[in-house]
Amino acid sequence: MGFASSHAYVSKRKIDALMGIGDPNNLAAINEEEQNDSCASISDEELDNFNSDNEEQKAPVDPNNPIKKPGRRRKTGKEGEEHKKHKREIDTNVVGLNFSVLKDKTAVATGDPVFCAECKAMLNAHSKLTKNEAGKQIWNCEFCLNANEVQMEEEELPKEDQLMYVLEPAPKVKNDKNEDITVMFCIDTSGSMCHSQTVAGKFATKYGKNKEMESLKKLGYGSQYTSGEIAGMCYISRMQCVLTVIENQLRQLAIGAPKRKVGIVTFNNEVTLIGDGRSAPKTYAGDRLNDYEGLLKASQEDAATHMTKSVEDTEVDLVKRLEHIQESGMTALGPGLTVALGAAIKGTPGSKVIICTDGLANVGIGSLEHAKDKTAVKKTRDFYTQIGALAKSKGVSISVVSIVASDCRLEMLSPLAGLTGGDIVKVDPLDLGTDFANILAENVVASNVELRVNLHKTFTFRNEDSSLISKNGSVLVKPIGNAIDGQEVSAEYRLKPEDELVKLADIDFATVTEIPFQVQITYCSLDGAKCVRTLTKKQNITFEKDLAKKAANFQVLSVHAIQQAASLAQKGDYRGAQANSAHWKKLIKGSEEYSNFKNNINPLYEALEKQQVEDMQQKEQARGCLLYTSPSPRDGLLSRMPSSACKKKKKKK
């Protein structure tokens, strides 16, 4: 556990008023002043002119792009009317945790953990025990001040800030020590995956059109080009990119992780379990695609025959299977995911499902095409949440790799990654290799992880999901799912509002010079043991914001800022993510961490800008054009034109 600063910043005027120094009736104004003191504001105009490399320069505007930059608000009405303002509290009150701590060797505590009956904080090395008049041991919780009667032997008292308790031992029957995790590639093979783009030079691939063209060239047609082709350029489809990247990953896994089981599932109008490539593929189609329980059960049973060998033995077979994959049909993403998960959960904890898709799920369970009204949206989201929850319980992470310029409604798929510790990324097909490699390089260190953070009762969490907060804002409980080695989480905190502080009669604010923090991580280790690890620290209080910033750990702030922006983007709030990035960048600027932060936040900021433009263009096209599927003898070329143009033509007739 690390703090963004060695000091927690609080308003001196508020504390003075609570202690009876100054005007205690002016707490509302003081609370507003404290918020304004930490509040940063940035306008849409500033964001539009905000260059990610140099805030003093204006971002260039493409004169050929008829769509204005997203988020811009034209001034209307009175001269000088302000643009929309994005306000946010920004300061160093941030606490962070890196899940690599679960790999660290730490003292295994004797006995059982002792929890506060009120706030569920755990007895720790900072706790003080006293005896009451009856001679009973009393622990006055340092977080909520509740008096707990305890019975502790001297040797059971915590001596370290970090402790681990084993709640349930690992099962006696363990997996083969040579067995590795399972990786399932879940590949979209719908018709849209044949969409191509031009690239300069040659793109080495054995898949699809390029292979056919090479065969023609050997017959003497090497100087010929198909319509629209340009010398020195080649056309590469999304499917070609995906299959080429997966082949490369198979080769790397066979060398770097030879004991790992690797399988393939494809989906379009139907779902095919290729598995490890050693058995005939298994197909699921028709009404089966609407039966979640049936698909899950069948895929688990079929995995017993289709996922038996490790990649060192199956690499060649899998590559041969890849050569026969072709694009066609629609997108049964939900059924495909169900089959892939069914196969993955037969592996060891830490297994992965990696979905690669470019289209909207429109066949079978989890279809997003008709999820428009609230009831349908909830039903679809519940399905992906159910899948995520099952994967989480089995220690399987799910990652979604989406192709740029495609509408997958990633916000509906976010529970998959959010619950399981996976990733959601949107990439150019030519960059797939990097993203696949990054996902495969992530090592799970624990499954079924739940994070609990306790603050002192005078403090509350800020900018967190209210459903995760309890005990009047002082306790945060966050489900993590699978914890990845190196994964970091963070949270903001602040002094509670004045109307809540005045109710805390048991607090002597004159004596509060430091506040405690405690993190509890409940998890299953990779050998199956259920454990809880606790980390408890104290932080000094300061009334000087500049002192808190001077003592800041900007690396913690940097990670927190990037994670917040990414979280907002996953929810579809691209403008909010940009504003968040700009706010934190101003705070971090000037620190040693600034260059590293800028290198990470700039690509994200630019991707957010690009995504907003793409969304605006798609909306404009959807409003102005008819969807073209095939030539119509009746309408001729009218079906390719804007609907308004079609109507005008018909009137002239």
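Everything here concerns the structure above.
Residues numbered from 1 in each chain as written. Predicted model: local features only at pLDDT ≥ 70, side-chain atom pairs only at ≥ 80, totals over all residues. Heavy atoms only, no water.

S.K.: So what exactly am I meant to see when it comes to the sheet that holds strand S8 (residues 147-150) here?
M.R.: What links the strands of a sheet is backbone hydrogen bonding, and the strands pair in either a parallel or an antiparallel sense. In spatial order, the strands read S6-S7-S8; together these three strands make up an open sheet with antiparallel pairing. The open sheet has two edge strands, strand S6 (129-131) and S8, and neither has a second partner. Taking each pair of neighbouring strands and ignoring which way they run, the sheet shows an average axis angle of 40°. Sheet topology places strand S7 (residues 137-140) next to S8; four bridges connect them, and they run antiparallel. Bridging from a neighbouring strand, Trp-139 pairs with Asn-148 of S8. (Pairing = 2+ DSSP bridges. Helix = DSSP H or I, 4+ residues; strand = E, 2+ residues; numbered from the N terminus. Axes fitted to C-alpha atoms, helices over the stretch in contact; angles between N-to-C directions.)

S.K.: What should I look at first to understand unusual backbone geometry in this one?
M.R.: Outside of glycine, negative phi angles account for most residues, and trans bonds account for most peptide bonds. Positive phi values are uncommon outside glycine, yet Leu-145 reaches one of about 70°. Along the chain, Leu-145 turns up in the loop between S7 and S8. Overall, the relative accessible area of 32% leaves Leu-145 in the partly exposed class. (Buried < 20%, exposed > 50% of the residue type's maximum accessible area, 1.4 Å probe, protein only.)

S.K.: How should the environment of Lys-538 be read in this particular structure?
M.R.: Looking at the element boundaries, Lys-538 is found in strand S25 (residues 530-542). With 22 residues separating them in the primary sequence, Lys-538 and Pro-516 have C-alpha atoms 4.3 Å apart. Here Lys-538 is in contact with Phe-3, His-126, Glu-514, Ile-515 and Pro-516, once residues within four sequence places are set aside. (Contact = heavy atoms within 4.5 Å.)

S.K.: How do you make sense of the pattern of salt bridges when you look at a structure like this?
M.R.: Once the charged atoms of two side chains with opposite charge are near each other, the side chains can pair. Applying the stated rule across the entire model yields 14 salt bridges. Put simply, Lys-103 and Asp-485 hold a salt bridge, and the shortest N to O gap is 2.9 Å. Linking Lys-103 in the loop between strand S5 (94-98) and S6 with Asp-485 in the loop between strand S22 (475-484) and strand S23 (488-495), this pair joins segments that are 382 residues apart in sequence. Measuring nitrogen to oxygen at the nearest pair gives 3.0 Å for the salt bridge that ties Glu-312 to Lys-259. Of this pair, Glu-312 sits in helix H7 (residues 311-322) while Lys-259 is found in the loop between helix H5 (238-256) and strand S13 (261-267), placing the two residues 53 residues apart along the sequence. Judged by its relative accessible area of 38%, Glu-312 is partly exposed. Given a relative accessible area of 39%, Lys-259 falls into the partly exposed group. (Salt bridge = Lys/Arg side-chain N within 4 Å of Asp/Glu carboxyl O.)

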